[in-house]
Amino acid sequence: MSNDASMAVSKLIAEWQAVRAALAKIEHAEHPDIIDRHGRVWTWRGRGDLYRHCGNAAPADMINNFGLPPQRALDNPNYDLCDTCLDGRTRNVRKCLPEWECSHKACQAGGK
């Protein structure tokens, strides 16, 4: 690739990043975060009316129907739960072996 073509591609990428950042600000203004009755912050998923928090997803009008996660969810290492969701409860998560190189936060941080 010639130097001129490389510069043009770099400029195009920079323009796209700037436009995408401006669009993200507009989308966030249209879909602000929602704080539920437990104090959890739900963020917009990026399509429709779907919001996410700690591995759960729900339409905005259903968010307040969600209670704190049951013990079964706490015991599942695939859920990276925040302190509000844990609510002082203990996770009974079996730690993965180091050679598995898992990405579970509960295994890497010693769990809660």
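Below: a short report on this structure. This is a predicted model, so every value here is computed, not measured.

1. Considering the sheet that holds strand E1 (residues 34-35)
Spatial ordering of the open sheet is given by E1-E2-E3-E4, a layout of four strands whose pairing is antiparallel. The outermost strands of the open sheet, each flanked by one partner alone, are E1 and strand E4 (56-59). Two strands pair when backbone bridges link them, and strand E3 (residues 50-53) and E4 are joined in this way by four bridges, in the antiparallel orientation. Its bridge partner lying in E4, His53 is registered against Asn56.

2. So, the environment of Pro59
Summarising the element assignment, Pro59 is placed in strand E4. Along the backbone, Pro59 and Gly46 are 13 residues apart, and their C-alpha atoms lie at a distance of 12 Å. Residues within four places of Pro59 in sequence aside, it is in contact with Asp49 and Leu50.

3. Details of the pairing of strand E2 (residues 41-44)
Across two bridges, E1 lies against E2 in antiparallel orientation. Each bridged residue has a counterpart across the sheet, and for Ile35 the counterpart in E2 is Val41. In this antiparallel pair of consecutive strands, E1 and E2, the connection spans five residues, and Gly39 shows a positive phi of 90 degrees. From the end of E2 to the start of E3, which pair antiparallel, there are five residues, and Gly46 there has a positive phi angle of about 110 degrees.

4. Remarks on the state of the cysteines
Enumeration according to the criterion identifies zero disulfides in this entry. A disulfide-free cysteine, Cys54 has its sulfur positioned 3.7 Å from the sulfur of Cys82, the nearest such atom.

5. Quick look at the packing of aromatic side chains
Taken as a whole and judged by the stated rule, the model has one aromatic pair. Aromatic side chains Trp42 and Phe66 sit 5.5 Å apart centroid to centroid with 55 degrees between the ring planes, which places their arrangement in the tilted category. One end of the pair, Trp42, is in strand E2; the other, Phe66, is in the loop between E4 and helix H2 (71-74), with 24 residues separating them in the sequence. Of the residues examined, Phe66 reaches a relative accessible area of 25% and is grouped as partly exposed.

Procedures and definitions
- Residues numbered from 1 in each chain as written.
- Predicted model: local features only at pLDDT ≥ 70, side-chain atom pairs only at ≥ 80, totals over all residues.
- Heavy atoms only, no water.
- Pairing = 2+ DSSP bridges.
- Helix = DSSP H or I, 4+ residues; strand = E, 2+ residues; numbered from the N terminus.
- Contact = heavy atoms within 4.5 Å.
- Disulfide = S-S within 2.5 Å.
- Phe/Tyr/Trp six-rings, centres within 6.5 Å; stacked < 30°, edge-to-face > 60°.
- Buried < 20%, exposed > 50% of the residue type's maximum accessible area, 1.4 Å probe, protein only.

Just geometry here; none of it tells us what the structure is for.
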